[in-house]
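Residue-level structural notes
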Amino acid sequence: MTLLHKSSNYFPGSNSKVLGWELNSFVIYFCLFLSGATSLTYELIWTRKLTLIFGNTLYAISAVLCAFMIGLALGAWVTPKILNRFDPNERLNLIRVYAIAEALIGLYALLFPYLLDSFQNWFYSWGDLEISIIQQASEFSICALIMLPATFLMGATLPIIGTWASQKNKDKVLHAVSRIYGFNTFGAMFGCLLAQFIGIKYFGVSITTNIAIIINFLIFITCFYFFSSDLEKPLPTTTKNKKPIRNSKSHSKLFEIFIALLFAYSGMASLGSEILWTRALIFPMGSALHSFTIILATFLFSIALGSLIADKLLKDTDYALIFIIIEIAIGLVCIGMLPVFDNFMEWTQQADKIFYSLDSTPSLNLFTHSVFAFGILIIPTVGFGLLFPLANQINLNLFETIKKTLGGSYTINTLGGVLGTIITPFILIPSFGIRLSIFIIYAGLITIGFICLSLHRRLKLFPFIINMSVCLILLSTAYQFVDPLISTDQLGKRNFARIEINQPQDQIKLLDYEEGNFSTISAIEDKRNGARSLYIDGFSAATAASPKGGSGYMQAMGFLPMALHPNPQKALVIGFGTGTTLGALGQFPNVDIDMVELDRNVLNFAHWFNQWNHGIHKKPNVNLIFQDGRRFIQSTDKSYDVITLEPMSPVQSGVTNLYSKEFYEHAAKHLNENGLVVQWLPLHLVGPEDAKSIVKTFQSVFPVSSIWNSFHTRIILLVGGSKPAAIDKKRIESIIQIPELKNTAMEIGLNSFVDFMDFFITDTLPLKTYLRETPIITDDNPLLEFSSTALLPPFKWQTDESFLNLLRHRVSQVAPLNNFTKLETRYLLSEYKLRTARRLAEFSQTYNLPGRQSFVEKDYLKGLIDFKNYLKKLNKRPISLDGI
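The model shown is predicted, which means the values in this text are computed figures rather than measured ones.

Strand order in the open sheet made by the four strands is β3-β4-β5-β6, with antiparallel pairing throughout. Edge positions in the sheet fall to β3 (508-515) and β6 (539-544), since each has one partner strand and no second. Averaged over all adjacent pairs, the angle separating strand axes in this sheet is 20 degrees, with direction ignored.

Quick look at the structure:
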């Protein structure tokens, strides 16, 4: 077998091989479809793996995506030059070249994890670098280097297959690219949905990668062995009776350059818009993994659809003119859509009503979110899909040969996408906000389109000025109509400030608002009680209120581990939020604190919560580090007495990295003797199985661990270390001598030793039977990202069931105590038993469980005995509240 064969043997010699052509067509389209699926799968998985190393920061994600796209562009640009080196008298078997490229991609994907491990160890040796230009440059360089072989080969496939399909016939370029790019992009959409919704969810990252590798090798076997020199024919076209291409009149070199510039700019606009639309759509759709998957899949579907219909829609036309018109039309449509954003907060409330409705189902919520994505993206992205085949047809004069045109067009469009990925989050959004950024991007697209229109019509100076004046008037009118500037006068109007479901606007006040490079942040005050909430991308990250309000558990996150540790001197806080946890922890004397926050813009809102954070972030013993928490804990050489973290909702995309076994293992390595790690577990935000997985994962790394909780919430605190945490009388007495700490303890509800004991729920050792069949969260199986609660919130009974199955173990346990006399211990244990009974009474009365009547009659000890007997009958089976 050879990669070269004589051109005279290329075409079929009899009608019997017409069916061979159809079979070839099906096989190649199917292989391109599968190739698109595997490429997108690798992009998603490699991005996931690399951000585990670099951190889930905007900078790291942008570095990975840019490096990936630059590899694609380089492959598309260089491949035609390599192909031109072959003797033109010998016809290169391009299908077999394509097959080899697919095999090499699969082989490299097989080696990728091992290469990544080597780079990881080298990268961590640099230490815990803060987010900076140096770090960004290093991350980009590593990503580009480690992914380049595979991405280069992926980029090479379009010019290889496109050249084969068109066979030096310039009339076939639009048709060939329309089909090839369309089917390949449809495959990418399929790969996106399959990898995110099925592959990683049910099989994990490694097996999903291996499936993609197998598909690459199947493509190789199919194309290399199925396409013999006798059967290898170009894809059939529908241009048999079609008139020759009207590539219009010959154009000046300046026009060709501007057309190429317009195509590059549309690549920038396309990727920039995807970022901007995603930033807007997460408000009605949420920040869970499925939302980002739907947005990406919609984007890919629309582009694929546009590409496939290009050949059917744009027959026998002036391609350059229609290309310019489509570009201008896309710009006008996207600018015209801006007023729709004013409805987003109302739509978010409607989506919330569906989400929290008793009739809600996961499929209904998934459909609702898909409607949002399709409604915003479908029209402009279909337009972007139309452009790619057109551009390749138009650019023939600029690049001269078909090979160079296919590679060159893909390259300039992809490099434009790289530019959009960089300037949109780093420059446009921080400087102008989301709405004005969209206006600026598409105003630029329309302006370049009008310049190209003038060059196409070969206008003289005066008509050119008139033409551009029309453009300016059009954009000025559009600016006045859409008014893209941010306004904070009214919630949800020209801003994305979140309004909670059924919350009247006249009862809340927008204190502050910022559309930053990483997230959209707002601070809102409830006029009725003075409670203040911090919203990050529409999610209520924290609410602070006094007394004993929503801030109590956040204060406990800082206060409890510091009170349990005998002598804490170094502490790490991951996640600033309102600063309440840091504020409580920072009131302890002689403690040096590292505070790691992903988004530095969050600190701009700290002053609105000074009542709770005490301005702690400005104090000299607090070291602010702007970095991903996972990245910091993996790369730092520091060790701590206390590590406490309160991430966003565990089911949000990327947050599972702070709940995985690997993360806890890294944290454990950075604990001093007697050190404690405290993890936030909001039972009301996760399902029962999610809660069990989180507890079991924590316990798997910290066998000596315990669960604590304030009486007023369904938020539990996981406390782990190398030694059991205990309530020490001397330690507590020394703490309450400090007025600030005594006041904080009272705000949390810790007014006595009994209150401290009541925080204790259970050790995790008695939970082994309850957790026996529960899977552990790992980087390879990020279970929380696929939680059903992302599409259907847990019912109150489910949250109570999760909590009760932990609380039940307290019946046979006592809170750990140190340095108490026997008389004090006897008294505390009797009070502790009474507190346990009161906690159980809440559930017995609500769900009509055993002991209810005794609890109603305030005979708590009798009710406790009845409940104990109920637990004995269950014989370690979990309590179920379903149907009660």
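Looking now at the pairing of β6. Two elements, strand β5 (residues 532-536) and β6, share five bridges in a ladder whose sense is antiparallel. Pairing of Ile536 across the sheet is with Phe539, part of β6. In sequence, β5 turns back onto β6 through a hairpin of two residues, with Asp537 there showing a positive phi of about 50 degrees.

What follows covers the layout of surface pockets. Size it by volume and the second largest pocket reaches roughly 530 Å³. Looking at the second largest pocket, it is lined by 23 residues, and the ones nearest its centre are Lys49, Leu52, Asp117, Gln120 and Asp779. Breaking the lining of the second largest pocket down by element, the ones donating at least two residues are α1 (18-54), α3 (94-124), α5 (173-226), α17 (629-635) and α18 (661-669). The element contributing the most residues to the lining of the second largest pocket is α3, with eight residues. Taken together, the residues of the lining of the second largest pocket sort by class into 10 nonpolar, six polar and seven charged.

Let us now look at the sheet that holds strand β7 (residues 570-574). In a beta sheet, neighbouring strands are held together by backbone hydrogen bonds and run either parallel or antiparallel to one another. What the eight strands build is an open sheet, ordered β9-β8-β7-β10-β11-β13-β12-β15; its pairing is mixed. The outermost strands of the open sheet, each flanked by one partner alone, are β9 (622-626) and β15 (760-763). Each neighbouring strand pair of the sheet contributes to a mean axis angle of 20 degrees, computed without reference to strand direction. Where strand β12 (residues 704-709) lies against β15, three bridges are found, and the strand directions are antiparallel. Across the sheet, residue Ser706 finds its bridge partner in β15, namely Asp763.

Enumeration according to the criterion identifies 36 aromatic pairs in this entry. Relative to Phe702, the ring of Phe698 lies with its centre 4.9 Å away and its plane at 40 degrees, an arrangement referred to as tilted. Here Phe698 and Phe702 have matching classes, each one buried. Grouped by ring-pair contacts, the aromatic residues Phe283, Phe341, Phe344, Trp347, Phe372 and Phe496 constitute a single cluster. Its end group placed over the ring of Phe803, Arg714 keeps NZ or CZ at 4.9 Å from the ring centre. Its end group placed over the ring of Tyr860, Arg838 keeps NZ or CZ at 5.5 Å from the ring centre.

Conventions we followed
Residues numbered from 1 in each chain as written. Predicted model: local features only at pLDDT ≥ 70, side-chain atom pairs only at ≥ 80, totals over all residues. Heavy atoms only, no water. Pairing = 2+ DSSP bridges. Helix = DSSP H or I, 4+ residues; strand = E, 2+ residues; numbered from the N terminus. Axes fitted to C-alpha atoms, helices over the stretch in contact; angles between N-to-C directions. 1 Å grid on protein atoms, 1.4 Å probe; cavity = no way out; pocket = protein on both sides within 12 Å on 5 of 7 lines; lining within 4 Å. Points joined across faces, edges and corners; volume = space filled by probe spheres on them. Nonpolar A, V, L, I, M, F, W, Y, C, P; charged D, E, K, R; others polar. Phe/Tyr/Trp six-rings, centres within 6.5 Å; stacked < 30°, edge-to-face > 60°. Buried < 20%, exposed > 50% of the residue type's maximum accessible area, 1.4 Å probe, protein only. Lys NZ or Arg CZ within 6 Å of the ring centre and 35° of its normal.

In short, shape yes, function no, at least from these values alone.
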